[in-house]
Amino acid sequence: MTDRPKKLHVKTYGCQMNVYDSERMAEAMGPQGYVTTDRPEEADLILLNTCHIREKAAEKVYSELGRLKTLKADNPDLRIGVAGCVAQAEGAEIMARQPAVDLVVGPQAYHRLPDLVARARAGEQALDTDMPEEDKFEHLPQARTPAARPTAFLTVQEGCDKFCAFCVVPYTRGAEVSRPAKRLLSEARALVDRGVKEITLLGQNVNAYHGDGPEGGTWSLADLIWALDGIDGLERIRFTTSHPNDFTDDLIAAHGTCAKLMPYLHLPVQAGSDRILKAMNRKHTAAQYIELINRLRAARPDLLLSGDFIVGFPGETDADFEDTLRLVEQVGYGQAYSFKYSARPGTPAAEKQGVSDAVASERLQRLQALLTRQQQAAQQAMVGRETSVLFEKAGRLPGQLVGKSEYLQAVHVEAPDSLRGQVAHVRVTEAKANSLAAVLI
Ligand code: SAH
Ligand code: SF4
Ligand code: F3S
């Protein structure tokens, strides 16, 4: 046995919560003598942190496993694990379908990862898709994002009780759980001490946050945001993803009154037809969504909105789809994600007949063309305006830094390297398809 540190390679798919979780898993393996590597060829342990949201996302995992298993020929000590939402949804089936997999761990069992790896190394069955009562984060090391990055994610709420008819998340992430505010504030302070300037609060239904307050009682997301607002050195706060039905008055108001809360909001609606919204079990109408947007914009007129859309949900007619286009026209998004409906095993909608792929593709194209036009208009509208930018890294050209505007747009600016990791004020000079050019003020 040499004392060379063992190497861990983590590959992350899916949403930002998986990014956060991958860091926590790497930290959990640190005390076991593992250091991380970007190169799977030199790893002793490879973890795929997977996403089950659409069929394509889930299938990607198996093609990656097919490639990775060949590495075992060169390194008999290599162990391969599958974590995340595919692990939760498929469990032992993964090992049956791809015998090169040594370990399967669901999103609520990451604190048991060291033990599972030890079992996999001993040649024992290593499968854990329990959803235990205890909070995994209480058993995982506190987040320690390296200071080189001025932005960080912080999971405050996990799981979903909404059961939209198309969605696997309530099954893969389990019931909604909010972390205690005290722990979140100490994690946030530690991040800020390490140079983090912007924290994005994460949750599958982040605005449903209702955690224990530090002095008893229950805190809302707005309470938490106001407490974070009081942390010196933290300059920007964001949160994602929200559900329209959980937007409380205090949270709407915070958009107008909390200077650190950035004017960008991801608020998925999925569809614009009330008939389809009902079939999706969204429990709100298109008009209620628009009304909420109006209230948010009354609080913060420059709010930039982003959304998620699904086309081709079972039963969606041409008229339903036109309703979606109409809603998009009415709202005016600065950014959006749109997907063809994918039937997911175990969800209520999977029992129903979807629309043909040709029709769904055509609708997706039309929707995306509209959303792209809106995004470009929003980029163009920035020209001549002032905004702050948090510089994250070097740009493509020498002397350039790249960062994000308040509205989460990528901005490149000629700026001294000393501004890396800092917030500076700029004036936008030019809009490109996916980024803005600006000058320091
Ligand atoms: N909790 C978040 C995100 C859920 S997943 C929310 O409620 O918005 C991210 C997006 O994936 C969803 O908003 C939805 O647009 C899309 N999505 C989820 N299930 C899908 C499916 N079966 N087919 C296609 N898109 C899906
Ligand atoms: Fe899925 Fe709906 Fe929950 Fe979002 S709110 S995670 S789309 S079930
Ligand atoms: Fe995917 Fe799971 Fe996130 S299904 S989108 S990784 S919650």
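What counts and how
Residues numbered from 1 in each chain as written. Chains lettered and ligands numbered in written order. Predicted model: local features only at pLDDT ≥ 70, side-chain atom pairs only at ≥ 80, totals over all residues. Heavy atoms only, no water. Helix = DSSP H or I, 4+ residues; strand = E, 2+ residues; numbered from the N terminus. Rg over C-alpha atoms; globule rule 2.2 N^0.38 Å. Buried < 20%, exposed > 50% of the residue type's maximum accessible area, 1.4 Å probe, protein only. Contact = heavy atoms within 4.5 Å. Areas by Shrake-Rupley, 256 points an atom, 1.4 Å probe, with all protein chains shown as cover. Lys, Arg positive; Asp, Glu negative; His and termini not counted. Charge placed at Lys NZ, Arg CZ, Asp CG, Glu CD. Pairing = 2+ DSSP bridges. Axes fitted to C-alpha atoms, helices over the stretch in contact; angles between N-to-C directions. Near = heavy atom within 4 Å. Polar contact = N/O pair within 3.5 Å; in protein donor to acceptor, adjacent residues only side chain to side chain. Nonpolar A, V, L, I, M, F, W, Y, C, P; charged D, E, K, R; others polar. Parallel < 35°, antiparallel > 145°, perpendicular 65-115°, else oblique. Domains from an automatic or database assignment. Buried area = accessible area lost by both parts, 1.4 Å probe. Salt bridge = Lys/Arg side-chain N within 4 Å of Asp/Glu carboxyl O.

(A) Spatial organisation of the overall build of the chain. Counting its secondary structure elements, the chain contains 14 helices and 21 strands. Taken over the C-alpha trace, the chain has a radius of gyration of 22 Å; the compact-globule value for 441 residues is 22 Å, and the two agree within 12%. Summarising its shape, the C-alpha atoms of the chain cover approximately 65 × 55 × 50 Å along the three principal directions. Going through the 441 residues of the chain one by one, you find that 55% of them count as buried. Restricting to contacts in the chain with at least 6 residues of sequence separation, those with at least 24 account for 72%. Summed over all atoms, the accessible surface of the chain reaches about 19100 Å², with 50% contributed by carbon and sulfur. The averaged location of the 58 negative side-chain charges in the chain is 4 Å from the averaged location of its 52 positive side-chain charges.

(B) Up close: the sheet that holds strand 7 (residues 151-155). With parallel pairing, the three strands of this open sheet are ordered in space as 7-10-13. Across the chains shown, the open sheet's two edge strands, defined by having one partner strand only, are strand 7 and strand 13 (236-240). For this sheet the average axis-to-axis angle between neighbouring strands, irrespective of direction, equals 25 degrees. In the sheet, strand 7 pairs with strand 10 (residues 198-202) via five bridges, with the strands oriented parallel. Within strand 10, the residue paired with threonine 155 across the bridge is leucine 202. Taken strand by strand, helix 1 (residues 16-29) contacts strand 7, strand 10 and strand 13, and its axis lies near 95 degrees from that of strand 7.

(C) Fine view of the site of ligand 1. Neighbouring ligand 1 are 14 residues, the closest being Phe166, Gln204, Gln270, Asp308 and Ser342. Here an oxygen atom of ligand 1 sits 3.1 Å away from a polar atom, N or O, in the side chain of arginine 54. With respect to ligand 1, the side chain of glutamine 270 contributes an N or O atom lying 2.6 Å from an oxygen atom. Here ligand 1, which alone exposes 540 Å², has 88% of that area covered by the protein. Within the shell around ligand 1, the residues separate by chemical class into six nonpolar, four polar and four charged.

(D) Molecular detail of the packing of helix 13 (residues 318-331) against helix 14 (residues 357-380). Viewed as axis vectors pointing N to C, helix 13 and helix 14 meet at an angle of 10 degrees, and their least axial separation amounts to 10 Å. Viewed along their axes, helix 13 and helix 14 adopt a mutual orientation that is roughly parallel. Facing Asp318, Phe321, Glu322, Thr324, Leu325, Val328 and Glu329 of helix 13, the residues of helix 14 in contact are Arg363, Arg366, Leu367, Leu370, Leu371 and Gln374. Per-class residue counts for the contact of helix 13 with helix 14 are six nonpolar, two polar and five charged.

(E) Here's a closer look at the site of ligand 2. Near ligand 2, the surroundings consist of Cys160, Lys162, Phe163, Cys164, Phe166, Cys167, Val169, Pro170, Asn205, His243 and Arg282. A breakdown of the residues in the shell around ligand 2 according to their chemical character gives seven nonpolar, two polar and two charged.

(F) View of the domain arrangement of the chain. Parsing the chain into structural domains produces domain 1 (6-128), domain 2 (136-380) and domain 3 (386-440). In this structure, domain 1 and domain 2 have C-alpha centres spaced 27 Å apart. Across the domain 1/domain 2 interface, buried area totals approximately 2400 Å², and carbon plus sulfur atoms make up 58% of it. Summed over the three residues of domain 1 that lose the most area to domain 2, namely Met17, Tyr20 and Glu27, the buried surface amounts to 28% of that side. Where domain 1 touches domain 2, the interface holds two salt bridges.

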